[in-house]
Structure formats: structure tokens, C-alpha cells
Amino acid sequence: MNHRYAPVELPQKKKWTEAERNALAQKLDDDLEQFMQEMAARKSEKQEERKPFDFDEWCKEIDQHPAFMTELPTEGKYKETIEALQAMKYDKEDDEDKQQNAEHHKNEGNKHFKFKKYRWATDCYSNGIKEYCPDRKLNAVLYFNRAAAQKHLGNLRSAIKDCSMGRKFDPTHLKGVIRGAECLLELEYAKDALNWIESSKKIFAFTKETSENTDLTDDEKKYIDELEKLRVKAVELSLKEERDKRKSRVEERKEIEAKKKILDALKERNLNLSPRVPFDHPELMDMARLTVSLPMMHTHECVKFDDELNLVWPILLQYPEAGQTDVLTETNETTAIGELLREVLREPAEWDPEHKFQFDNVRFFVSDQYDEYLMEVYEWNDFKSILSMPGYQIRQGLPVIMIMTKEKAAESLDAAEEENKFVAK
């Protein structure tokens, strides 16, 4: 069952001092404690059988105390306690109290700000804002001061929001307007800064013209000059932004053209790539799909053109029986595999002291895309023809060639039905 309370109709209240309010609050605590003790004593005096807990009955009984009453009597046992409740609950909501509290939080925040305790200052200004005092200029100061603290903390976007709120409360607070413009320029929002400055000047001019005192103070003149300097800076940065955007668009077009050129070459060679690439949509192409980065490499490598528009690839050499690999970073597709590997295998590697992997003692293989069988390639095959072999797949932009000694190949591979294809024994 829901227990609801009706709105309380309050009598006319008097002003309470802080000492009176504290005394009455203490009395309220004492009365409540005594009330609960009396309830417990009455229960203990009754010798009747213990009944189950009844929520509705408990509500009726507890409602007899002013702390929980739905209707507050003006006379009777708890008269002073009721007055204390009213004072505590409603006096604080007086505009005068709100103003004093907000002013207190502002002053505390200023003290922390002075000693560069910006987070504490921010909390104080926030507490002042939460008072919702009716003084618009004080609210503006709280928002602009919090913006200053946020700016020192590096929270520029939060500072801009506070400056925007501060300007709504007081458009003539030019120092705060300047702070907002500085934050926008620091974030390199030149156009936004320009709009902020222009709109602030218009609002300020209208507010001054419709106020009782239309004359500019010395501070206002100084701030207007500072705002004009920021406006000039915003214009310069805005022009630079436009130039940078135009330059960026030109570079983007060049980049798309370069991607299209590579994609067209890959498509023309009928290459099987994983992950797949958008051959007909270069603007969607992420070159990371073809970029190779291995621990043994000092740079990122990606397929590219040479001066004669032949493709140049990074190649991974695998030696399965030795558990070793090697990387060739620039392999022209017109190069025959024998021409390249004869030079690679001329001298023994550190891991091959017996020099088993001599050119005349090895065979070359590539795997099909499902790793079900190996396809043998020969020294006269160039890389362009190897990479275009049916069933062969280039993974992550890195073609792989396996090198096995003739003895190991004969020992571990069986010929498949199709020519030049082998499966593991």
C-alpha cells in the first residue's frame, strides 16, 4: 500500500536567526528521540501476544509526530517543533538567503582560485550556481568564474559552455566574453570564435543602449579593444582554416587517385586478396588492408609502383623445416623467383650453419587459400605470374613463398592428382 502525504499549508512565518534555527533543530531531534522512546515504552508495557508488523498501523502512529505529519497544527504539544521545521525548510529558500549563500560560495571559490586550487574553486562556483539566486549578475559571475577555473584545468569545452550561460545572465560582462573567445581560439574553432565575438558585441551594444547609463566605463573600453584584437586573430585563423581545408581537399583527391591507380592494377592482375578490397570505390579504401607490419621490419611496407608502373611487393620467405622466416621489402613483380632467391641463398644464414638451403638443393611452394595443398613454383616463374595463380591468396598485403630442401619435400609431401600440387603425407 502506498502512503501518500498531502501538500502542507503553511502559516505566515517569521524571520529566524541562525542561533534560533540551530536551537530549534536540536529540539526537533530531542523531541523525535523522546517520541520514539515513548512508543517503545508503551509497547513493552502491554503484555498481550506479539502481533505481526502492520505497515498501515505504523504509518498512523508515526504520523502523529510533526516530522511526518501531513497536516501541521498551529497549537499544541509540538508547536515550537513545527515552527522549527518551517524555518529550516523554507527560510533557506528566501531570495535573501540564496543571494548570501551564492555570494559566500563565490568568495570561497575566489580564494581557492587565487591559490591555484582550481578544482576546489570549480566546486565552490558550482555550489553557488545551485543556489539559483535571483541576482542575474551574480549568476553570470559564478558561471564566468567557473569557466576560468575550467580553462586552467584544460576543460576548454566545459569553459565555453559556462561562458555561454554567463553571457545569457549578463551580456555586458565582457571579461567573460573574452574568456569564451580565447577558449574557442585555443581549440582552433576560428569561425565559431568569430561568430561568438560578433554576436557578443551586438548583444552588448543593444543592452547598453537600452540601459539607464549608456556611457562606456574605462574597463568596458579596455575589454572592447581586447575583443577587437581577438576578432582580428579569429579572422586570420578563419582564413587559414579555409586555406588548410582547400589544401586538404586537394590532398584527399590526390590520395583517392593514387588508391584508384593501385586498385585498378590489382584488379587487372586478378589477384585474390584477403581482406577483400573495394576495387571500384577507392574513396572507401583503407590502405591498412594492404599494409604490412612485422616485428622484424623497421618500417611499414605496402605494395606500390616503380617508375615503370610495375608493382613492387614486400615478400615473406618461410623455411618450415627450420622454423625460420625472412622478409624482402621490395620485390618487383617482373623479377623471376630464381633470380631473386639465388642471391638470397648464396651465403648461409646464422641458423643454417651446414648450408642446407643452397639454391640447387631447395624447392619453392605457395599454399592455396584454404591451406589444403601446396603449389610448386619454379625458378623461371616471375612473381607476377605466381601471385596470379588460381587458388593463391595474398593475405594482408604480404605474399608468402615457402622454401624446403629437396630431401624434406620428398619426405613430407605427396603429389596430388593435379599437376604441381602437393599434400602433406
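Here, the structure is the one placed above.
A short tour of the structure in this document, coming up. The model shown is predicted, which means the values in this text are computed figures rather than measured ones.

Notes on the packing of aromatic side chains
Part 1 of the reasoning: The tally for this structure, following the rule as stated, stands at 8 aromatic pairs.
Part 2 of the reasoning: Seen from their ring centres, Phe 359 and Phe 364 are 5.9 Å apart, and the 40° between their planes marks the pair as tilted.
Part 3 of the reasoning: Residue class for Phe 359 comes out buried when judged on its relative accessible area of 10%.
Part 4 of the reasoning: Exposure remark for Phe 364: the relative accessible area of 4% places this residue in the buried category.
Part 5 of the reasoning: Ring centres 5.0 Å apart and planes at 10° place the aromatic pair Tyr 378 and Trp 380 in the stacked group.
Part 6 of the reasoning: Trp 380 sits in the exposed class, given a relative accessible area of 63%.
Part 7 of the reasoning: In this structure an aromatic cluster arises from ring pairing among Tyr 319, Trp 351 and Phe 357.
Part 8 of the reasoning: Just above the ring of Trp 120 sits the side chain of Lys 117; from NZ or CZ to the centre is 5.6 Å.

Here we look at the nonpolar core
Part 1 of the reasoning: Ranked by internal contacts, the top residues of the largest apolar core, which has 35 residues, are Trp 313, Phe 364 and Ile 401.
Part 2 of the reasoning: Looking at this core, the elements with two or more residues in it are helix 10 (218-268), strand 5 (311-319), helix 11 (337-344), strand 7 (362-367), strand 8 (374-377), helix 12 (383-387) and strand 10 (400-405).
Part 3 of the reasoning: Per element, the largest residue contribution to this core is 5 residues, and it comes from strand 5.
Part 4 of the reasoning: By size, the runner-up hydrophobic cluster in this structure holds 23 residues, among which are Ile 178, Cys 183, Tyr 223 and Leu 227.

A short note on a positive patch on the surface
Part 1 of the reasoning: A surface patch of positive charge is lined by Arg 243, Lys 245, Arg 246, Arg 249 and Arg 253.
Part 2 of the reasoning: Its location among the elements puts Arg 249 in helix 10.

Side note on the packing of helix 7 (residues 156-169) against helix 9 (residues 190-209)
Part 1 of the reasoning: Direction vectors running N to C along helix 7 and helix 9 enclose 15°, while the axes themselves pass 11 Å from each other. What the angle tells us is that helix 7 and helix 9 run roughly parallel. Seen from above, helix 7 lies across helix 9 with left-handed handedness. Residue-level contacts link Cys 163, Ser 164 and Arg 167 of helix 7 to Trp 196, Ser 199, Ser 200 and Ile 203 of helix 9.
Part 2 of the reasoning: Taken together, the residues that form the contact of helix 7 with helix 9 break down as 3 nonpolar, 3 polar and 1 charged.

Digging into helix 6 (residues 136-153)
Part 1 of the reasoning: For helix 6, spanning 18 residues, the distance from its first C-alpha to its last is 26 Å, which sits close to the expected 26 Å at 1.5 Å a residue.
Part 2 of the reasoning: In this fold, the buried residues of helix 6 make contact with helix 4 (95-114), helix 5 (118-129), helix 7 and helix 8 (174-186).
Part 3 of the reasoning: Among the residues of helix 6, the N-terminal cap falls to Asp 135, whose side-chain oxygen and the backbone nitrogen of Lys 137 are separated by 3.0 Å.
Part 4 of the reasoning: A positive phi of about 90° marks Gly 154, the residue just after helix 6.

Calculation criteria
- Residues numbered from 1 in each chain as written.
- Predicted model: local features only at pLDDT ≥ 70, side-chain atom pairs only at ≥ 80, totals over all residues.
- Heavy atoms only, no water.
- Phe/Tyr/Trp six-rings, centres within 6.5 Å; stacked < 30°, edge-to-face > 60°.
- Buried < 20%, exposed > 50% of the residue type's maximum accessible area, 1.4 Å probe, protein only.
- Lys NZ or Arg CZ within 6 Å of the ring centre and 35° of its normal.
- Core = buried A, V, L, I, M, F, W, Y, C linked by side-chain atoms within 4.5 Å.
- Helix = DSSP H or I, 4+ residues; strand = E, 2+ residues; numbered from the N terminus.
- Patch = residues over 30% accessible without salt bridge, like charges linked within 9 Å, V, L, I, M, F, W, Y side chains within 5 Å.
- Areas by Shrake-Rupley, 256 points an atom, 1.4 Å probe, with all protein chains shown as cover.
- Salt bridge = Lys/Arg side-chain N within 4 Å of Asp/Glu carboxyl O.
- Lys, Arg positive; Asp, Glu negative; His and termini not counted.
- Charge placed at Lys NZ, Arg CZ, Asp CG, Glu CD.
- Axes fitted to C-alpha atoms, helices over the stretch in contact; angles between N-to-C directions.
- Parallel < 35°, antiparallel > 145°, perpendicular 65-115°, else oblique.
- Left-handed = near helix turned anticlockwise from the far one by under 90°.
- Contact = heavy atoms within 4.5 Å.
- Nonpolar A, V, L, I, M, F, W, Y, C, P; charged D, E, K, R; others polar.
- Expected span 1.5 Å × (residues − 1).
- Polar contact = N/O pair within 3.5 Å; in protein donor to acceptor, adjacent residues only side chain to side chain.

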